[in-house]
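# Structural features, examined
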Amino acid sequence: MDSFRIKTSKKVEVLDITPMVSRCIKSGSLCILFVPHTTAAITINEFEPLIKEDFECFYSSIVGKGSWKHNAVDANAEAHLLSSIIKSSISIPIKGGSLALGAWQKILFIELDGPRERTVHMQVIK
Amino acid sequence: MDSFRIKTSKKVEVLDITPMVSRCIKSGSLCILFVPHTTAAITINEFEPLIKEDFECFYSSIVGKGSWKHNAVDANAEAHLLSSIIKSSISIPIKGGSLALGAWQKILFIELDGPRERTVHMQVIK
Amino acid sequence: MDSFRIKTSKKVEVLDITPMVSRCIKSGSLCILFVPHTTAAITINEFEPLIKEDFECFYSSIVGKGSWKHNAVDANAEAHLLSSIIKSSISIPIKGGSLALGAWQKILFIELDGPRERTVHMQVIK
């Protein structure tokens, strides 16, 4: 298992981490990316400046401004709730030594309680 | 890695692709299905005619009719937003040469910006 | 593939199943957990009493009280809809014979139509 670190700069922020992953892939059949955090998530989608802003707005809109109980302990309940549905891992097939991503697909790290320094784990299956 | 193509016929449409996958599985321990698109997704659930209609209605209801910025570029922001949370892959254990699906589980392709011709990648791990 | 059974006690309930999984892991590179049900799901997050209550409240709030058509057949459309977006599997890297979970991460079984007796499948990839 390999890992790399990234820095986020906002409370809710979507970052394209495709280059960090792609350059580590040389062989294998499957790449699993795993975020070892409970207030961040990972997904795959397009990364165009306007849809990036829409993602950040959309995720915040799903959890709304509920009076979540966890906020009495730590003011980040919304981040946990979103992370639990977007989830912490993605699996990408590898073909011919490269990620089998579609033309518009980028690997997106989703910060939900930043800014923070975060870790991404990567496991490649033979 | 194998791939197959499917045709969708509506803007938002849930299709049962279980037979296309099942007939390719003969051995291995894990089947990963991956959709190389940013305006479609894949999941597992029941596929009864009424719940199929509910899925299509539910997914549209989550994103609402927000004035998404990406729609100034391409009128499919809602499809990207939904695809980013439902996500582009599923993993199914294989046992005795067959998918270990539960009694009611079907593999569902989720078109969010159709009609289109789409691709599904399939990777089987030994 | 291994499997274990759990009992849920409420309509919507989040249960920490980390110990049941951890004690089965001794080697390998990847652990896949798969729920063979269409009205339950699985995820990873923190499991603190207040956020547990928030999860249960949040999931119910996403589907709202729509007049779902499937409820004419079986009164659990909300459970199918949520299960289809939270999804039925998670993948966790294994490092040095242990799950590479972050400090706050627990494996959470999400009952959406309980109380029931449920199954979780576990596949470990070498």
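Calculation rules
- Residues numbered from 1 in each chain as written.
- Chains lettered and ligands numbered in written order.
- Predicted model: local features only at pLDDT ≥ 70, side-chain atom pairs only at ≥ 80, totals over all residues.
- Heavy atoms only, no water.
- Least-squares fit on C-alpha atoms with pLDDT ≥ 70 in both.
- Contact = heavy atoms within 4.5 Å.
- Pairing = 2+ DSSP bridges.
- Helix = DSSP H or I, 4+ residues; strand = E, 2+ residues; numbered from the N terminus.
- Axes fitted to C-alpha atoms, helices over the stretch in contact; angles between N-to-C directions.
- Buried < 20%, exposed > 50% of the residue type's maximum accessible area, 1.4 Å probe, protein only.
- Phe/Tyr/Trp six-rings, centres within 6.5 Å; stacked < 30°, edge-to-face > 60°.
- Buried area = accessible area lost by both parts, 1.4 Å probe.
- Salt bridge = Lys/Arg side-chain N within 4 Å of Asp/Glu carboxyl O.

### With respect to the relation of the copies chain C and chain A
- Mapping chain C onto chain A calls for a screw motion: a turn of 120 degrees about the axis and a shift of 0.0 Å along it, with 0.0 Å RMSD after fitting. Such a turn and shift between the copies fits a three-fold axis.
- Each copy contacts the other with its own distinct surface, as only 18% of the interface residues of chain C are interface residues in chain A too.

### A few points about the sheet that holds strand β2 (residues 13-16) of chain B
Residue and element names in this part refer to chain B.
- If you trace the three strands from one edge of the open sheet to the other, you get β2-β7-β4, paired in antiparallel fashion. Unpaired on one side and paired on the other, β2 and β4 (40-45) mark the two borders of the sheet. For this sheet, the mean inter-axis angle between neighbouring strands, taken without regard to orientation, is 30 degrees.
- When β4 meets strand β7 (residues 106-111), the two strands line up antiparallel, connected through six bridges. Within the sheet, the bridge partner assigned to A40 lies in β7 and is E111.
- Strands β2, β4 and β7 of the sheet are contacted by helix α2 (residues 49-63), whose axis makes an angle of about 140 degrees with β2.
- Taken strand by strand, helix α3 (residues 77-86) contacts β4 and β7, and its axis lies near 45 degrees from that of β4.

### With respect to the sheet that holds strand β2 (residues 13-16) of chain A
Residue and element names in this part refer to chain A.
- The sheet built from three strands is open, its strands ordered β2-β7-β4 with antiparallel pairing. Sheet topology places β2 and β4 (40-45) at the edges, where each strand pairs with a single neighbour. Within this sheet the neighbouring strands show an average axis-to-axis angle of 30 degrees, counted without direction.
- With four bridges connecting them, β2 and strand β7 (residues 106-111) associate as antiparallel partners. Paired with V14 across the strands is I110, a residue of β7.
- Contacting β2, β4 and β7, helix α2 (residues 49-63) crosses the sheet at an angle of about 140 degrees to β2.
- Docked against the sheet, helix α3 (residues 77-86) engages β4 and β7, running at close to 45 degrees with respect to β4.

### Observations concerning α3 of chain B
Residues and elements named next belong to chain B.
- Of all ten residues in α3, nine are buried, a share of seventy percent or more.
- For α3, every residue scored as buried is listed here: A77, A79, H80, L81, L82, S83, S84, I85 and I86.
- K87 lies just past α3 and shows a positive phi near 80 degrees.

### Digging into the packing of aromatic side chains
- Evaluated as defined, the whole model comprises nine aromatic pairs over all chains.
- Grouped by ring-pair contacts, the aromatic residues F55, F58 and Y59 of chain A together with W68 of chain B constitute a single cluster.

### A look at the interface of chain B and chain A
- On the side of chain A, 33 residues touch chain B, which itself brings 26 residues to the contact.
- Between chain B and chain A lies a buried interface of about 2400 Å² when both sides are counted; carbon and sulfur atoms form 65% of it.
- There are one salt bridge connecting chain B and chain A.
- Notably, a salt bridge pairs E53 of chain A with K69 of chain B, separated by 2.3 Å at the nearest N-O pair.

### Let's talk about unusual backbone geometry
All names here are of chain A.
- A cis geometry characterises the amide bond from G114 onward to P115, with omega recorded as -5 degrees.
- Note that P115 resides in the loop between β7 and β8 (117-125).
- For K87, which is not a glycine, the phi torsion comes out positive at approximately 80 degrees.
- Turning to its location among the elements, K87 is positioned in the loop between α3 and β5 (89-95).

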